[in-house]
Amino acid sequence: MKVVDIINKSEKTVFSFELLPPLKGTTGDKLYNTIEQLLEFDPKYINITTHRDEFDFHQREDGLIEKRIVRKRPGTVAIAASIQHKFGIPVVPHILCGGFTRSETEHVLIDLFFLGIENVLALRGDGLKNETMFKPEPNGNRNATELVQQISCLKEGRYLDPDLKNNTPLDFCTGVAGYPEKHFEAPNLETDMEYLKIKVDAGAEYIVTQMFFDNQKYYSFVEKCRTAGITVPIIPGLKPIAVLNQLTVLPKIFHIDLPKDLANELKRCKNNNEAKEVGTEWAIFQANDLVRHNVPSLHVYTYGITDNVKDIMKAVL
Ligand code: FAD
């Protein structure tokens, strides 16, 4: 089932979880186990993040510098299909511009469609660690709008090669990312929102937000989107803080602020257990407030940790 249909058919807020794919060389057991622990909360769909291979640069004996892959994860197609078929819950694989040519993306989408996956989240991805700016592949999509356009073309049966035979339409429901505190490369929130509107007009059917720790930022973002003429559902992304160093790591990586009260409470914590307690309580407060505001779906970034997510879900349901 498509995410927009799930949301539109439900009168109440639905719940969804986002999981990280395992590293190569591991089987699906750990991921399956995480999902099994969350089944009692009736997740209506599950997102699976996608990660580019990670590289480093190594000096060879002849003095030349060689780029080599240092980290790989199993492919999005395999993970998404295995979860959807095992649990019967719609899976939303994340599709990235970064690291993929348009042709490779077309192959991934053909495979996903064949395997019964109806949903994708279309994202640009970040630059590699050693790059200052995002660099698309030659013949790759340069931003999420171009990726959404490619998916929208496939929905109409328009493949990259116009001479392709059997050009059956691939009917995906496409979500995109939105940033209540603006994307870090955007000069200001208004410009970011103009691009968001273009991305939605290209065919995105809903938006999932970056994590935020002050619900007012989400409500204000939704209001600004509506004023800008963006009418699709806007799903809040909730990230429960689980370890102490997230006090500084989350703002650094995700370019978001932690409210003063939360930061002060975390600063008083002596270890990860205390930080997790504070983070869980804060997330429960946020989640209850969002559900009271009847948000379409509450999307929890789990990062594979389930005990805090279970506490949050029990408090909200
Ligand atoms: P875009 O929408 O392309 O925007 C990127 C920047 O370009 C913005 O500053 C925007 O204002 C600007 N822009 C957009 N269109 C144009 C244009 N036409 N001309 C000029 N500028 C433009 N990353 C991963 O690697 N894997 C994941 O699985 C993953 N999942 C995510 C899930 C969610 C819900 C979110 C919020 C983020 C996720 N990310 C993931 C991170 C995401 O890839 C980064 O935030 C990335 O930097 C931007 O992606 P985007 O799709 O928002 O990009």
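1. Let's talk about the sheet that holds strand S9 (residues 234–238)
Turning to step 1, where the next piece is worked out: Read around the closed barrel, 8 strands run S1-S2-S5-S6-S7-S8-S9-S10, paired in parallel fashion. Sheet twist, expressed as the mean angle between neighbouring strand axes with direction ignored, is 30°.
Turning to step 2, where the next piece is worked out: In this sheet, strand S10 (residues 297–301) lies alongside strand S1 (residues 14–19) in parallel orientation, the contact comprising 5 bridges. Bridge pairing in S10 places Phe17 opposite Val300.
Turning to step 3, where the next piece is worked out: Its contacts with the sheet put helix H3 (residues 76–87) on strand S2 (45–48) and strand S5 (91–96), and the angle it makes with S5 is roughly 170°.

2. As for the pairing of strand S6 (residues 119–123)
Turning to step 1, where the next piece is worked out: Of all 5 residues in S6, 5 are buried; the element is thus mostly enclosed.
Turning to step 2, where the next piece is worked out: What you see with S6 is no split at all: Asn119, Leu121 and Leu123 on one side and Val120 and Ala122 on the other are buried throughout.
Turning to step 3, where the next piece is worked out: Where S5 lies against S6, 3 bridges are found, and the strand directions are parallel. Bridge assignment links Ile95 to a residue of S6, and that residue is Ala122.

3. Notes on the pairing of strand S8 (residues 206–211)
For a regular strand, side chains alternate in direction, first toward one face of the sheet and then toward the other.
Turning to step 1, where the next piece is worked out: Of all 6 residues in S8, 6 are buried, a share of seventy percent or more.
Turning to step 2, where the next piece is worked out: As judged from the 4 bridges shared by strand S7 (residues 173–178) and S8, these two strands associate in the parallel manner. By the bridge assignment, Ala177 is partnered in S8 with Val208.
Turning to step 3, where the next piece is worked out: Crossover S7 to S8 through helix H6 (residues 189–201) is right-handed.
Turning to step 4, where the next piece is worked out: The pairing of S8 with S9 spans 3 bridges and is classified as parallel. Counted as the bridge partner of Met211 is Gly237 from S9.

4. Observations concerning the packing of aromatic side chains
Turning to step 1, where the next piece is worked out: Going through the model one piece at a time under the given rule, you end up with 5 aromatic pairs.
Turning to step 2, where the next piece is worked out: Summarising the aromatic geometry, the rings of Phe212 and Tyr218 are spaced 5.4 Å apart at their centres and angled 15° between planes, so their arrangement reads as stacked.
Turning to step 3, where the next piece is worked out: Relative accessible area serves as the criterion here: at 0%, Phe212 is assigned to the buried category.
Turning to step 4, where the next piece is worked out: Relative to Tyr219, the ring of Tyr218 has its centre 5.6 Å away and its plane inclined at 65°; by these criteria the two rings are edge-to-face.
Turning to step 5, where the next piece is worked out: Judged by relative accessible area, Tyr218 falls into the buried class, the value being 4%.
Turning to step 6, where the next piece is worked out: Taking the relative accessible area as the measure of exposure, Tyr219 reaches 15% and is therefore buried.
Turning to step 7, where the next piece is worked out: Ring pairs connect the aromatic residues Phe212, Tyr218 and Tyr219, which therefore count as one cluster.

Basis of the calculations
Residues numbered from 1 in each chain as written. Predicted model: local features only at pLDDT ≥ 70, side-chain atom pairs only at ≥ 80, totals over all residues. Heavy atoms only, no water. Pairing = 2+ DSSP bridges. Helix = DSSP H or I, 4+ residues; strand = E, 2+ residues; numbered from the N terminus. Axes fitted to C-alpha atoms, helices over the stretch in contact; angles between N-to-C directions. Contact = heavy atoms within 4.5 Å. Buried < 20%, exposed > 50% of the residue type's maximum accessible area, 1.4 Å probe, protein only. Right-handed = clockwise from strand over helix to strand, strands pointing away. Phe/Tyr/Trp six-rings, centres within 6.5 Å; stacked < 30°, edge-to-face > 60°.

Keep in mind these values describe shape, not function.
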